[in-house]
Amino acid sequence: MDVAVENDVVTARQAGRELARGLGFGAADQTRLATAISEVARNALKYAGKGVCRIYDTSDAGAIGVEVVVEDSGPGIPDVIRAMADGYTTGGSLGYGLPAAKRLVSDFQVESEPGHTQVTMRMRRPRL
Amino acid sequence: MERGGEMGNVKSNAGGGYGSAAVGQKDGQEGVEETVVRVLSEGPPELFESWLEGLRSFEGGDSSSSSRPAPIGANELRERGKELLPAFARLFASVSADEESPDGAEASAALRREVSAGLIEQGLTAGELAAVVFSLKYAVLETVRSEATTGRGLDAECMRVSKVIDEFAYSLFESISRMREEVIALQQRSLLELSTPVIQLWDEIELMPLIGMIDTGRAQQMIERLLNSIVETQSRVVVLDVTGVPIIDTDVARHLFKTVAAARMLGAEVIVTGIRPEAAQTLVRLGIDLETLRTSGTLWSGVARAFRLIGKQVAPLDEGGQ
Amino acid sequence: MKIPILKLGDVLLASIQFELTDGAALEFQSDLIQAAESTRAQGVVVDITALEVVDTFIARVINDTGSMLQLVGARVVVCGIQPPVALTLAEMGRELIGVETALNLEQGLEKVRRMIALDVHELRESRN
């Protein structure tokens, strides 16, 4: 599923929540995913003006899973390591909101260079 | 596969049709393999004698203080033996059919599982089972040696007997271990469900006693349950008792902080009770700032504090007897 | 769509009924400050029961709104944070919410009235 992130982050995060709900994730997890998408998508909006959010179902027999990739063609995050450092949780002037999102998901990867930034997030829960 | 260099006619055994290939001697003498199967299926008295003696020596071997009784009495052994020995005989027969073929291997694995189930259900401890199986091995080897009518292939066959029984013992203990793990997992799950109740202590006070190890999964469950309960009961104070939590480390502390923060957003204060002095020392030394955590030493004092927080106190009744 | 702001004596009540886009959030913030100023409100209670997602940006908007309202002389209480939202905020970082909170409107009103009374009391004390 592809969602354009253009004017707001609401569409993307609601799409993520819907998919998570459909796959069987609980309320707490649905909220985590939606919130994480919100953080990351907002970044794309803020620094690149727009972006694309791709949401995948990665479930298998043993676990339910979601993968979300948020991509934009903006100027990029100059210092990814610093951006991911914890001083940014309260969203200071550089507030990327990424460390906060990272805490909510099982897996979090950032690739960034001028012209292309991609954030991949995964959430996975074993089936009971 | 060659045995002692001679392949003779396939003879059926005294025990009757277990399967093919017991290599016999051309001259009608019983081959060693046949001896093995016969010994196992007939269960001659000296086998049991030997078995019992072996069992006793297993037991007497390591107890220095007192001599423990054998795990199994002579009569019980004979009873069990009646069921077990033929099963062993079948195991040997199926293995000897053709060790290389997948059918042979499969049949032996299946038989192993069957025998395992039978023995385990009889309720012996793992140690007792080991004693029974290994003393049987020695008993079989001794008996076969004394009953063998020929020395040809005796050594090779004894090695094979030993190998088969050892492999069986391995699969037996593996299966016991797996069963125990399943039981533990089941108990953990029950404990999980039992040990995160939320108790309405008073109008606006809730009590959540935690028991057992707290891992991420349990912590998750506990926090969600607590938060939902706060919404339902509109409680303003939660007493979280961790007396029953054996280990309070940085992870558990983090969960506690999370709980306090989230509960506060729902308008409820959390009082943590039951952190033992040692745990407190460890946490402070680890650099975890417990200042922001409202704690009380005992459940008792925590509850008293909770009442104060909602503006109430427990007071004696009037002398007049209200 | 504007969020209605109600006046209950010297307290303003606002109940957010749907998911907020970033723009709508900032607009609401501005409306609220103006209303508090023009009505000389002593207290404001904001009900966010309908918000299924509160990320670091919205959290910051909430905190900023609290500070701004304080500057125009009003105490603030936010109520109606949903359990999954509370949990997610707690997971993203400590002290993300810098305003007073309450479970629901009823408790929220009680609390804001207490805060106002305390203010008055402190004022009197400092005069003596």
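Everything discussed here concerns the structure shown above.
All values reported here derive from a predicted model rather than from experimental measurement.

A.B. asks: Sorry if this is basic, but what is going on with the packing of aromatic side chains here?
C.D. replies: To describe a pair of aromatic rings, you give the distance between the ring centres and the angle between the ring planes. Residue and element names in this part refer to chain B. Inspection of every chain in the model, using the stated rule, returns 2 aromatic pairs over all chains. A ring pair is formed by Phe-48 and Trp-51, whose centres lie 6.0 Å apart and whose planes are at 35°; its orientation type is tilted. In this pair, Phe-48 and Trp-51 both sit in helix H2 (residues 45–62), 3 residues apart, roughly one turn of the helix. Assessed through its relative accessible area of 0%, Trp-51 is described here as buried. Arranged with centres 5.7 Å apart and planes meeting at 65°, the rings of Trp-202 and Phe-307 form a pair that is edge-to-face. With a gap of 105 residues between them, Trp-202 in strand S1 (residues 199–202) and Phe-307 in helix H10 (residues 299–309) connect regions that are remote in the sequence. What makes Trp-202 partly exposed here is its relative accessible area of 44%. Among the residues examined, Phe-307 registers a relative accessible area of 12% and is labelled buried.

A.B. asks: I tried to follow the interface of chain C and chain B on my own but got confused; where do I start?
C.D. replies: Interfaces are often described in size by the accessible area the parts lose on coming together. Contact residues are listed per partner, giving 16 residues for chain C and 18 residues for chain B. Interface area for chain C against chain B, summed over the two sides, is near 1,500 Å², with a carbon-plus-sulfur share of 64%. Between chain C and chain B we count 1 salt bridge in total. The salt bridge partner of C:Glu91 is B:Lys258, with a shortest N-O separation of 3.4 Å. Put simply, chain C and chain B have 2 residue pairs in polar contact (both at pLDDT 80 or more) between them. If you list the elements that add at least two residues to the side of chain C that touches chain B, you get helix H3 (83–92), strand S5 (100–102) and helix H4 (105–127) of chain C. If you tally residues by element for the side of chain C that touches chain B, the top one is H3(C), at 6 residues.

Parameters and conventions
- Residues numbered from 1 in each chain as written.
- Chains lettered and ligands numbered in written order.
- Predicted model: local features only at pLDDT ≥ 70, side-chain atom pairs only at ≥ 80, totals over all residues.
- Heavy atoms only, no water.
- Phe/Tyr/Trp six-rings, centres within 6.5 Å; stacked < 30°, edge-to-face > 60°.
- Helix = DSSP H or I, 4+ residues; strand = E, 2+ residues; numbered from the N terminus.
- Buried < 20%, exposed > 50% of the residue type's maximum accessible area, 1.4 Å probe, protein only.
- Contact = heavy atoms within 4.5 Å.
- Buried area = accessible area lost by both parts, 1.4 Å probe.
- Salt bridge = Lys/Arg side-chain N within 4 Å of Asp/Glu carboxyl O.
- Polar contact = N/O pair within 3.5 Å; in protein donor to acceptor, adjacent residues only side chain to side chain.

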